[in-house]
Amino acid sequence: MAKKQDKKTDKEVERAEEPVADLTEADAIEELARLAAEIARHDALYYRKDDPEISDADYDRLRQRNDAIEARFPTLIRDDSPANRVGAAPADGFGKVTHAVPMLSLGNVFDDDGVHEFVDRIRRFLGLDAETPLAFTTEPKIDGLSIGLRYEGGRLVQAATRGDGYVGENVTANVLTIGDVPNHVKARDFPDPFEVRGEIYMSHSAFAGLNAEQERAGAKVFANPRNAAAGSLRQLDASVTASRPLQFFAYAWGEAANLPADTQWGVYEAFARWGFPLNPLAKLTTALDEMLRTYREIEEGRAALDYDIDGIVYKLDRLDLQERLGFVSRSPRWAVAHKFPAEKASTILRDIEIQVGRTGALTPVAKLEPVTVGGVVVQNATLHNEDEIARKGLRIGDTVILQRAGDVIPQILGPVLDRRAKSAKPYVFPTVCPVCGSHAVREINPNTGKEDAVSRCTGGLICPAQRVERLKHFVSRNAFDIEGIGEKSIQTFYDEGLIQSPPDIFTLAARDADAEEKLSEREGWGETSAQKLFDAIAARRNVTLDRFIYSLGIRHVGEITARLLARNYGTAAHFVEAMREAAKDREGAAYSELENIDGIGPTVAAAIADFFGEPHNVAVVDELLKDVSPQALEAVDNASPVSGKAVVFTGTLEQMTRAEAKAQAERLGAKVAGSVSKKTDYVVAGPGAGSKLKNAKDLGVEVLTEDEWLKLVG
Ligand code: IVH
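Residues numbered from 1 in each chain as written. Predicted model: local features only at pLDDT ≥ 70, side-chain atom pairs only at ≥ 80, totals over all residues. Heavy atoms only, no water.

### Looking at the overall build of the chain
- The number of helices and strands found in the chain is 25 helices and 26 strands.
- Looking at the chain residue by residue over its 714 residues, the buried ones come to 48%.
- Of the roughly 34100 Å² that the chain leaves accessible, carbon and sulfur atoms contribute 50%.
- The distance from the centre of the 88 positive side-chain charges to the centre of the 111 negative ones in the chain is 1 Å. (Helix = DSSP H or I, 4+ residues; strand = E, 2+ residues; numbered from the N terminus. Buried < 20%, exposed > 50% of the residue type's maximum accessible area, 1.4 Å probe, protein only. Areas by Shrake-Rupley, 256 points an atom, 1.4 Å probe, with all protein chains shown as cover. Lys, Arg positive; Asp, Glu negative; His and termini not counted. Charge placed at Lys NZ, Arg CZ, Asp CG, Glu CD.)

Spelled out as structure tokens, the structure:
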């Protein structure tokens, strides 16, 4: 799966890898800020969108690093420290519920030592010696989502998600449809009020069934059971939740009029009597070695369970001691989660295949001998890019270690070198696109001056993997802007084989005249609408040269660069000829002229030369120019009354589109900006103008109506 990575500068990357002990105070300030932002972003993806980008293990590492830096620099702890926060603020769409007792989280430990420390800390805090027996409940940590169920008079009156721990979402209507959750508890000793807490989850078998159904229906397929459970619970229509197979385990409580027992285990027994499902693997353990033994037993049986668990939770059994221990920041001192290590397996790397994405990125995908990791059969894993393969030192035929960490995105950790066969072959990353045969290049990042990790196909206009996206760009508003052809219709024309590449747009009418099935006879079309479309296409044969250049979708060539090129080269013929020359010889005069245009640097020049270096692309441009005659941009009118003025358009314009207004203003030598400042000369405000208009007034900038503006520019 392609991950959206947040862009880090080299310095940040370096700092993110620096051992905590080596950080200076200045580094720590920046690193804590970065971690707070990054953890908050991942929390939002996980809790609000149910669509995490990183593995649970990687997420835990971010939190551990944050904790370690805070421990070393306690004075630098931020107000928005992730350590004081769990989850993410509730999403819009559901009512909000303030939890009477906050729904906090658990601290994590990752090995036996961590469990020893946890128990020792409790003893120290309570002043107990090593001999005093302490009982703990030992139970699986269910990988679902936590829920608080409030009962009044024995009836379920409110169900709320955890949200940020303090305010969650009201999902009562949805939870009422879950069979495992009693809607009415009749037991006489059931406290009033009482809030039962626990985990909503989806079993593997239910998950597989749901996904099969979703796929049949062409609906969203869920990445893992947890996301499926979260997505199913947070449906605005409760009848959808009712149709989803959700389950529940009880393991905690919130506000309670009184408690049925004075131990955790005793409360669990009452839960069971009252009809709440308890996890069958939960047990009461009385010594540390028994806790660790139970951990290992459950871990061994984990793959055979029909639901995901990601660790074991130990809770001190006596409630009076829990009370004395209390909480530290976001977690109780009396409970801890002992996380399972990521599940690993070894298998054979059979091949590496290249997938070409819609934007032309070449992504290597490992083709593996199918292997089961954590109950899921894995046969593909992304290798991200060329450098990643080199860094891991992978060869085709290698035995590799695969890891699946609490989620479904499998990772290859590396080869098992002592099992490397003589026949194992180093992988040579392709220099041409496997889909269209165009060159694939790694660009130089203009910010760092280093080569990008990603290889991209340069055959944008002809590469089947990228065609539809390119066509959409070609017809978009700031490119050819053909009335009647938008994203949707271009997709339909593509799917029906009528338009495969941009020149086909301009031959559509002629081909239609000879076609057996005319456009006007197709569903959704008639004589008039077909003719209107042909007319709209014909009307755009004379687009301005800057739009023409922009429409080609050359990497790094946005509207502004396209305008620079159009102004510099004047005519399409001159532009194309010069670019061909530039592509042929990067030492030559044409390339140097291109690179020296004010506003065009080496990265843009290289991207343009790469594009025109592909004969396929040039063929498409030549083909297009048979049917299209781009118009030279009018020379900038230095005599115009708005020449050199800074203008901001805001609100709805009624006589022209925003894009037209902008183009006109620029033609007349004005500079069009997106926000108002002291330097702004005019703000042209239409109906619905908001903050920009207010800013203009505050700053004393002249405000014009659309009519006044038109009068001004003549
Ligand atoms: S006890 C005050 N027990 O893990 C602590 N939590 O990281 C209350 N979880 O938010 C939580 N299984 O969603 C507890 N057996 C279990 C659990 C469990 C899963 C989840 C729960 C909680 C998170 C803590």
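### Digging into the pairing of strand β3 (residues 136–142)
- Of all 7 residues making up β3, 6 are buried, and the element is well covered by its neighbours.
- Where β3 and strand β9 (residues 283–285) come together, 3 bridges link them in antiparallel fashion. Paired with F136 across the strands is T285, a residue of β9.
- As defined by bridge partners, β3 adjoins strand β10 (residues 309–316) across 7 bridges and the pair is classed as antiparallel. Residue pairing across strands places K141 opposite G311, the latter belonging to β10. (Pairing = 2+ DSSP bridges.)

### A few points about the site of the ligand
- The local shell around the ligand holds 13 residues, among which E139, R162, E199, Y251 and K315 are the closest.
- Here Y251 contributes a side-chain N or O atom positioned 3.3 Å from an oxygen atom of the ligand.
- The side chain of K315 places a nitrogen or oxygen atom 3.0 Å from a nitrogen atom of the ligand.
- Within the complex, the protein chains bury 89% of what would otherwise be the 520 Å² of accessible surface of the ligand.
- Going through the elements one at a time, β3 and β10 are the ones with two or more residues in the shell around the ligand.
- By residue number, the principal contributor to the shell around the ligand is β3, which donates 4 residues.
- The class makeup of the residues in the shell around the ligand is 6 nonpolar, 2 polar and 5 charged. (Near = heavy atom within 4 Å. Polar contact = N/O pair within 3.5 Å; in protein donor to acceptor, adjacent residues only side chain to side chain. Nonpolar A, V, L, I, M, F, W, Y, C, P; charged D, E, K, R; others polar.)

### Digging into the packing of aromatic side chains
- Counted under the stated rule, the structure contains 28 aromatic pairs.
- Every member of this aromatic cluster is reached through a ring pair, and the members are Y151, F190, F194, W253, W265, Y268, F271, W274 and F276. (Phe/Tyr/Trp six-rings, centres within 6.5 Å; stacked < 30°, edge-to-face > 60°.)

### Quick notes on the pattern of salt bridges
- One pass over the structure, following the stated rule, counts 31 salt bridges.
- The partner of R234 in a salt bridge is E169, and the shortest N-O contact between them spans 3.3 Å. Of the two residues, R234 is situated in the loop between α7 (225–233) and α8 (238–242) and E169 in strand β6 (residues 167–169); the sequence distance between them amounts to 65 residues.
- R580 is the salt-bridge partner of D622, the closest N and O atoms lying 2.5 Å from each other. One end of the pair, D622, is in helix α22 (residues 615–627); the other, R580, is in helix α19 (residues 572–584), and 42 residues separate them in sequence.
- The partly exposed category is assigned to D622, whose relative accessible area is 32%.
- Residue classification places R580 among the partly exposed residues on the basis of a relative accessible area of 27%.
- The structure contains a network of salt bridges with shared partners spanning E31, R34, E38 and R65. (Salt bridge = Lys/Arg side-chain N within 4 Å of Asp/Glu carboxyl O.)

### What to know about a negative patch on the surface
- A surface patch of like charges, here negative, comprises D111, D113, E117 and D120.
- With respect to the secondary-structure elements, D113 resides in helix α4 (residues 112–126).
- The exposure class assigned to D113 is exposed, which follows from its relative accessible area of 51%. (Patch = residues over 30% accessible without salt bridge, like charges linked within 9 Å, V, L, I, M, F, W, Y side chains within 5 Å.)

### Some remarks on the sheet that holds strand β13 (residues 335–339)
- On the basis of which strands lie adjacent, the open sheet formed by 5 strands has the order β2-β13-β10-β3-β9 and mixed pairing. In the strand order of this sheet, the two ends are held by β2 (108–109) and β9, each with one partner.
- Both β2 and β13 contribute to a ladder of 2 bridges, which runs parallel. The residue bridging N108 from the neighbouring strand is A337, located in β13.

### As for helix α15 (residues 502–514)
- Along α15, the sharpest change in direction is near 55° and occurs at L508.
- By the burial criterion, the buried members of α15 are P502, P503, I505, F506, L508 and D512.
- In this structure, the buried residues of α15 make contact with α13 (467–475), α14 (487–495), α16 (527–539) and α22. (Bend = angle between axes of the 7 residues up to and from the residue. Contact = heavy atoms within 4.5 Å.)

### Considerations on the environment of I482
- For I482, the location among the structural elements is in the loop between α13 and α14.
- For the pair I482 and F534, spaced 52 residues apart in the sequence, the C-alpha separation amounts to 9.9 Å.
- What I482 contacts, discounting residues up to four positions off in sequence, is V475, I505, F506, A536, I537 and R540.

### Considering the nonpolar core
- With 85 residues, the main nonpolar core has I505, F548, L565, L594 and F612 as its most contacted residues.
- The greatest single-element share of this core, amounting to 7 residues, is contributed by α19.
- Excluding residues within four positions of it along the chain, L594 makes contact with L565, Y569, M579, A582, I600, A605 and I608.
- Grouped together as the second largest cluster of nonpolar side chains are 36 residues, L149, Y151, I178 and F194 included. (Core = buried A, V, L, I, M, F, W, Y, C linked by side-chain atoms within 4.5 Å.)

### Quick word on the environment of Q355
- For Q355, the location among the structural elements is in strand β14 (residues 343–356).
- Sequence-wise, Q355 and C433 are 78 residues apart; in three dimensions their C-alpha atoms are separated by 9.2 Å.
- The contact partners of Q355, leaving out residues within four places of it in the chain, are A361, L362, T363 and V365.

### A short note on helix α3 (residues 56–72)
- Along its 17 residues, α3 runs 24 Å from first to last C-alpha, staying within 8% of the 24 Å computed at 1.5 Å per residue.
- Along α3, the residues that are buried comprise D56, Y59, D60, L62, R63, R65, N66, I69 and E70. (Expected span 1.5 Å × (residues − 1).)

### Section: unusual backbone geometry
- In this chain, D192 is followed by P193 through a cis amide linkage whose omega measures 0°.
- As for its placement among the helices and strands, P193 is situated in the loop between α5 (172–175) and β7 (194–201).
- Although it is not a glycine, H556 adopts a positive phi angle of roughly 70°.

### Quick look at the side chain of Q466
- Among the structural elements, Q466 can be located in the loop between β22 (451–457) and α13.
- Beyond its immediate sequence surroundings of up to four residues, Q466 is in contact with G357, R358, T359, G360, C457, G459 and G460.

### Looking at the pairing of strand β25 (residues 682–685)
- Here β25 shows two buried faces, one formed by Y682 and V684 and the other by V683 and A685.
- In this structure, strand β23 (residues 646–650) lies alongside β25, joined through 4 bridges in parallel fashion. Residue pairing for β25: T650 is matched across the bridge by A685.
- Two elements, β25 and strand β26 (residues 702–704), share 3 bridges in a ladder whose sense is parallel. Bridge pairing in β26 places V683 opposite V703.
- Between the parallel elements β25 and β26, the chain passes through helix α24 (residues 691–699) in a crossover that is right-handed. (Right-handed = clockwise from strand over helix to strand, strands pointing away.)

Any functional reading would require information beyond the geometric quantities listed.
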